[in-house]
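Summary of structural features
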Amino acid sequence: MGDYQYTSRKATNSRLPPEVNRILYVRNLPFKITAEELYDMFGKYGAVYQIRLGDERDTRGTAFVTYEDIYDAKSAVDHLSGFNVGGRYLVVLYYQPAKFEKRADAEEKQKELEELRRQVKAKKAELAGVAVAAGGGG
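Residues numbered from 1 in each chain as written. Predicted model: local features only at pLDDT ≥ 70, side-chain atom pairs only at ≥ 80, totals over all residues. Heavy atoms only, no water.

Within the open sheet, the four strands sit side by side as S2-S3-S1-S6. Their pairing is antiparallel. Of all the strands in the sheet, just strand S2 (48-53) and strand S6 (91-94) have a single pairing partner and so form its edges. Going across the sheet, the axis of each strand differs from the next one's by a mean of 20°, ignoring polarity. Bridge count between S2 and strand S3 (residues 63-67): five bridges; the pairing is antiparallel. If you follow Leu53 over to S3, its bridge partner there is Ala63. Running over the sheet, helix H2 (residues 35-43) touches strand S1 (23-27), S2, S3 and S6 and is turned about 140° from S2. Of the strands in this sheet, S1, S3 and S6 are in contact with helix H3 (residues 70-80), which crosses S6 at around 150°. (Pairing = 2+ DSSP bridges. Helix = DSSP H or I, 4+ residues; strand = E, 2+ residues; numbered from the N terminus. Axes fitted to C-alpha atoms, helices over the stretch in contact; angles between N-to-C directions. Contact = heavy atoms within 4.5 Å.)

Here it is as structure tokens:
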């Protein structure tokens, strides 16, 4: 009977948007929040596999929350986005590694493009110098 309940829940949510993910990225957390408090808060929506709380200077106030089940993650996003914790409104998003990779790729391609432009400019200057020398001798 447990399988039937899982199947029916899955059937009702069978068309999840493509960005839905088991891993959530949480921003705007109070700096003093503990991992235990996060487990209590996010555990209400399903089994939490792991929580990684940002503790470095540039990652404070953020966390990654990984659920066992994708539908539990969706429920947490639906219920906790905009939730007020310690006077701060949570921003709960689906983690999208492709966005981070695309950003890094774009930066790398921009650097390659700048290098190619520099090489073309240098080649044009070189060719212009050769043309001036060849034209001036006649």
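Bringing the packing of aromatic side chains into the picture now. Overall, the coordinates contain two aromatic pairs when judged by the stated rule. Note on Tyr25 and Phe64: the rings are 5.1 Å apart at their centroids and 40° apart in plane angle, and the pair reads as tilted. Of this pair, Tyr25 sits in strand S1 while Phe64 sits in strand S3, and the two are 39 residues apart along the sequence. Geometrically, the ring pair formed by Phe64 and Tyr95 is edge-to-face, given 5.2 Å between the ring centres and 85° between the ring planes. Of this pair, Phe64 sits in strand S3 while Tyr95 sits in the loop between S6 and helix H4 (97-136), and the two are 31 residues apart along the sequence. The exposure class assigned to Phe64 is partly exposed, which follows from its relative accessible area of 30%. The exposure class of Tyr95 is partly exposed, given its relative accessible area of 22%. Joined through ring pairs, the aromatic side chains of Tyr25, Phe64 and Tyr95 make up one cluster. Above the ring of Phe31, the side-chain terminus of Arg60 is found at 4.2 Å from the ring centroid. Taking NZ or CZ as reference, Arg88 lies 5.5 Å from the ring centre of Phe31, over its face. (Phe/Tyr/Trp six-rings, centres within 6.5 Å; stacked < 30°, edge-to-face > 60°. Buried < 20%, exposed > 50% of the residue type's maximum accessible area, 1.4 Å probe, protein only. Lys NZ or Arg CZ within 6 Å of the ring centre and 35° of its normal.)

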